[in-house]
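# Structural characterization, general
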Amino acid sequence: MHKRTLIQAAACAALLAAGGAAFAQQAPFKIGLILPMTGQQATTGRQIEAAARLWIAQNGDTVAGRKVELVLKDDASVPDQTRRLAQELVVNDKVDVLAGMGITPSAMAVAPIATQSRTPLVVMAAATSSITEASPWIVRTSFTLPQVSVALADWAPKNNIKSVVTLVSDYGPGIDAERFFSERFLFNGGKVADKLRVPLRSPDFAPFLQKVRDLKPDALFVFVPSGAGAAVMKQFGERGMDKAGIRLIATGDVTDDDQLADMGDVALGVVTSHHYSAAHPSAANKKFVEAFQKANKNLRPNFMAVGGYDGMRVIYESLKKTGGKGGGQALLDGMKGQIFESPRGPVFIDAQTRDIVQNVYLRKVERKDGQLYNVEFDVLKDVKDPGKTK
Ligand code: VNL
């Protein structure tokens, strides 16, 4: 009796040990994805989550034999929440990678946590140039405002736009857009009649647009974050700006594919520059848009979705390179220098800056198959972020 119990106990312990080892080996690879699923930037969260899930559905939830788990958290784009959630994900959930970051203040709040915990942070949305300099553990798959603003400042003076007023959201990406657009536009001989900044939270564009009407520039240049474009467009139309002969030019954040279909005729003809259009005419993009719409009740993917989709690819490819083992430094090294064809076109993660190098397209809003789209008519190839200080 006694002997049998001992043998049983020993067998049990051996089983437990073996099970423990197997368990340790197969602990899932965790991606802590922090997004604004509620609040003013909720469309960004919805787009990126859908894109990340599409990536997993298309590529499987196992990489090099290792199970991958997405741990999604909603920060409502409140930076204090983002920081707290990132801390919890690193300390309690022991995530291997942090990802998401709907707005610049969220990315900035998490940067020190990435550095201290040596956890790679894949920024999929936020687009202020300096973000990648806030931590050597940051890799970006979205874009930067300087990257997309300069092309428009070259296009405008060649197209009868000699004077502008700029109107931007008063925080990181808006200040980048204002500065890089204005500097280049001035360099090209243009005149900037005024620079207006609107608050990020619950902006009222009316008084600003009134001021623009009085100044009567050839064009109004706008940056507002994804989700706010439709309100700008509506008020631009209601105030008769277009009829007063003022053209609207913008970064593609304003004619956001998430909202563009419902913006109406006022959007027709608006010229923007950006890195992604759902109408980008490549086979890879057609496949992406079709699959995304099929999986999401016909929702059209926007540039945020592509940032999320490509961010997942960068994580998967890097995990593959480590043979499923992961490890902060090895993952970060594996992310640097990746080259691939994104739905937006060819892209490259610059190993030096950890920022994305990509094509920037000039686009015009046109009706295509009965729906409004950003139709590309020119391209600047392989544009690096001009905002880097080093
Ligand atoms: C940011 C930049 C956010 C561009 C955006 O949408 C955007 C940012 C939420 O860096 O905060 O379109």
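In this text, all values refer to a predicted model and were calculated from it rather than measured experimentally.

Take the packing of helix α3 (residues 79–91) against helix α4 (residues 104–117) next. Packing of α3 against α4 leaves a shortest axis separation of 8 Å and a crossing angle of 25 degrees. Considering their axes alone, α3 and α4 lie roughly parallel with respect to each other. With respect to the hand of their crossing, α3 and α4 are arranged in right-handed fashion. Counting all contacts with α3, which are made through Pro79, Thr82, Arg83, Ala86, Gln87 and Val90, the residues of α4 involved are Pro105, Ser106, Ala109, Val110, Ile113 and Ser117. In the contact of α3 with α4, the residues fall into seven nonpolar, four polar and one charged.

Bringing the nonpolar core into the picture now. Of all hydrophobic cores here, the largest spans 93 residues; its most connected members are Ile249, Phe288 and Met312. Ranked by residues supplied to this core, first place goes to helix α10 (residues 303–321) with ten residues. Ignoring any residue separated from it by four or fewer positions in sequence, one finds phenylalanine 288 in contact with Leu54, Tyr276, Pro301, Ala305, Val306, Tyr309 and Pro343. Within the second largest apolar cluster, 25 residues are counted, among which are Ile246, Ala250, Leu260 and Leu372.

With that settled, the discussion passes to the environment of valine 365. Residue placement: valine 365 occurs in strand β14 (residues 356–368). Overall, the relative accessible area of 1% leaves valine 365 in the buried class. For valine 365 and tyrosine 171, which are 194 residues apart along the polypeptide, the C-alpha to C-alpha distance reads 27 Å. Contacts of valine 365, omitting those with residues within four sequence positions, involve Thr255, Leu260, Ala267, Leu268, Gly269, Val270, Leu372, Tyr373 and Asn374.

Next up on the list: the sheet that holds strand β4 (residues 97–100). Strand order in the open sheet made by the six strands is β2-β3-β1-β4-β5-β6, with mixed pairing throughout. The open sheet terminates on both sides in strands that have one partner only, identified here as β2 (62–63) and β6 (138–140). Strand direction decides the pairing type here: β4 and strand β5 (residues 121–123), joined by three bridges, are parallel. By the bridge assignment for β5, glycine 100 is matched with valine 123. Sitting on the sheet, α3 touches β1 (29–35), β3 (66–74) and β4, and the angle it makes with β1 is about 170 degrees. Its contacts with the sheet place α10 against β1, β2, β3, β4, β5 and β6, and it is angled at close to 160 degrees to β1.

Approximately 240 Å³ is the volume found for the largest pocket. Around the largest pocket sit 13 residues that line it, and Ala278, Lys286, Val289, Lys368 and Tyr373 are the ones nearest its centre. When residues in the lining of the largest pocket are grouped by element, the largest group, five residues, is from helix α9 (residues 283–295).

Turning our eyes to something else, we now look at the site of the ligand. If you check the shell around the ligand, you find 17 residues, and the closest are Thr104, Ala127, Tyr171, Ser226 and Asp253. The contact in question runs from an oxygen atom of the ligand to an N or O atom on the side chain of threonine 104, over 2.5 Å. In the model, an oxygen atom of the ligand is placed 2.7 Å from a nitrogen or oxygen of the tyrosine 171 side chain. Relative to its unbound accessible area of 320 Å², the ligand is 100% covered by the protein chains. Given that more than half its atoms are within 2 Å of the pocket grid, the ligand belongs to the largest cavity. For the shell around the ligand, the class distribution of residues is ten nonpolar, six polar and one charged.

So, how was this worked out
- Each chain has its residues counted from 1, running along the sequence as written.
- In keeping with the predicted nature of the model, local features appear solely for residues at pLDDT of at least 70, side-chain atom pairs appear and are counted solely at 80 or more, and the whole-chain, interface and lining totals rest on all residues.
- Side-chain measures were taken over the full set of non-hydrogen atoms in the model, leaving aside hydrogen atoms and water.
- Axes, fitted as lines to C-alpha atoms, cover a helix only where it is in contact. Angles between the N-to-C directions of the axes lie from 0 to 180 degrees.
- What counts as a helix is a DSSP run of H or I of at least four residues, what counts as a strand is a run of E of at least two, and both are numbered from the N terminus.
- Here the word oblique covers every angle except those under 35 degrees (roughly parallel), over 145 (roughly antiparallel) and from 65 to 115 (roughly perpendicular).
- Two helices cross in a left-handed way if the nearer one is turned anticlockwise from the farther one by less than a right angle. They cross in a right-handed way if the turn is clockwise.
- Contact definition: two residues touch when any of their heavy atoms are within 4.5 Å.
- For this scheme, ten residues count as nonpolar: Ala, Val, Leu, Ile, Met, Phe, Trp, Tyr, Cys and Pro. Four count as charged, namely Asp, Glu, Lys and Arg, and the remainder, Gly too, count as polar.
- The term nonpolar core refers to a set of buried residues drawn from Ala, Val, Leu, Ile, Met, Phe, Trp, Tyr and Cys, joined through side-chain atoms within 4.5 Å.
- Any residue under 20% of the maximum accessible area for its type is buried, any over 50% is exposed, and the rest in between are partly exposed; the area is computed with a 1.4 Å probe on protein chains only.
- Here, strands pair whenever DSSP counts at least two bridges between them.
- For each structure, a 1 Å grid was placed over the protein atoms alone; sets of points admitting a 1.4 Å probe that cannot get out are labelled cavities, open sets with protein on both sides within 12 Å along at least five of seven lines are labelled pockets, and lining residues have an atom within 4 Å of a point.
- Grid points are joined across faces, edges and corners, and a volume is the space filled by probe spheres set on the points.
- It suffices for a single heavy atom of a residue to lie within 4 Å of a molecule or strand for the residue to be listed as near it.
- A 3.5 Å cut-off defines polar contacts: any pair of N or O atoms within that distance qualifies, except that in protein one atom must be a possible hydrogen donor and the other a possible acceptor, and neighbouring residues in sequence count only when both atoms are side-chain atoms.
- Here, Shrake-Rupley sampling with a 1.4 Å probe gives the accessible areas, and only protein chains in the shown set may cover a residue.
- Occupancy of a cavity or pocket is assigned to a molecule whenever over half of its atoms lie within 2 Å of that pocket's grid points.

That's the geometry; what it means functionally is another story.
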